[in-house]
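Fold and contact review
Listed below, chain by chain, are the residues.
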Amino acid sequence: MESINSSCQPADWNTAFEPRLTVESSMPYEEYTGLIEKSANDTRQYRLVRLPNNLVAVCIQDTDAKEAAASLSVNVGSHADPAELQGLAHFLEHMLFL
C-alpha cells in the first residue's frame with residue numbers, strides 16, 4: 001500500500017534551525033527554517049524557535065484574534081522523578097500555575 005503523503009519528509013531537528021538574536025536584548029535563540037505544514041485555509045503565521053535552554057516553542061500569530069493565550073506541555077511526569085525527590089513533578093505542576 002502506498003503512503004498517502006510520500007513526498008513529505010520529517011523535520012530535521014538537528015540542521016533546520018538557524019541562529020538568531022533578539023533585537024532588544026541580543027539574546028541568542030534559534031529559529032526553525034524548515035517547512036511547517038498547515039492547511040491551505042489557515043491564514044495564521046507560525047514560527048518555531050529553540051531557546052538557549054533547548055526549550056522549543058511554537059509562536060502563532062493570528063491577526064484576527066481578539067485575545068492571547070499560552071499553553072505549556074511538559075513531557076515528563078512522576079515516573080521521571082529522581083528517587084530522592086519523589087513528588088517533584090507534582091510539586092512543579094502546582095508551581096506553574098501560581
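The preceding data block contains the structure.
Opposite charge on two side chains permits pairing when their charged atoms draw close. With the rule as written, the count across this model stands at 3 salt bridges. As a salt-bridge pair, E30 and R50 come within 2.7 Å of each other at their nearest N and O atoms. Here the residue E30 occupies a position in strand β2 (residues 28-32), and R50 occupies one in strand β3 (residues 45-50), the gap between them amounting to 20 residues. A relative accessible area of 26% means that E30 is categorised as partly exposed. Note that D42 and R44 form a salt bridge whose closest N and O atoms lie 2.9 Å from each other.

Moving on to the side chain of E31. Among the structural elements, E31 can be located in strand β2. Taking the relative accessible area as the measure of exposure, E31 reaches 16% and is therefore buried. Looking at E31, its side chain comes within polar contact range of the side chain of R47, at 3.3 Å. Sequence-distant contacts of E31, that is, excluding residues within four places in its chain, are made with A16, F17, E18, R20, R47, L48 and V49.

Cut-off values and rules
Residues numbered from 1 in each chain as written. Predicted model: local features only at pLDDT ≥ 70, side-chain atom pairs only at ≥ 80, totals over all residues. Heavy atoms only, no water. Salt bridge = Lys/Arg side-chain N within 4 Å of Asp/Glu carboxyl O. Helix = DSSP H or I, 4+ residues; strand = E, 2+ residues; numbered from the N terminus. Buried < 20%, exposed > 50% of the residue type's maximum accessible area, 1.4 Å probe, protein only. Polar contact = N/O pair within 3.5 Å; in protein donor to acceptor, adjacent residues only side chain to side chain. Contact = heavy atoms within 4.5 Å.

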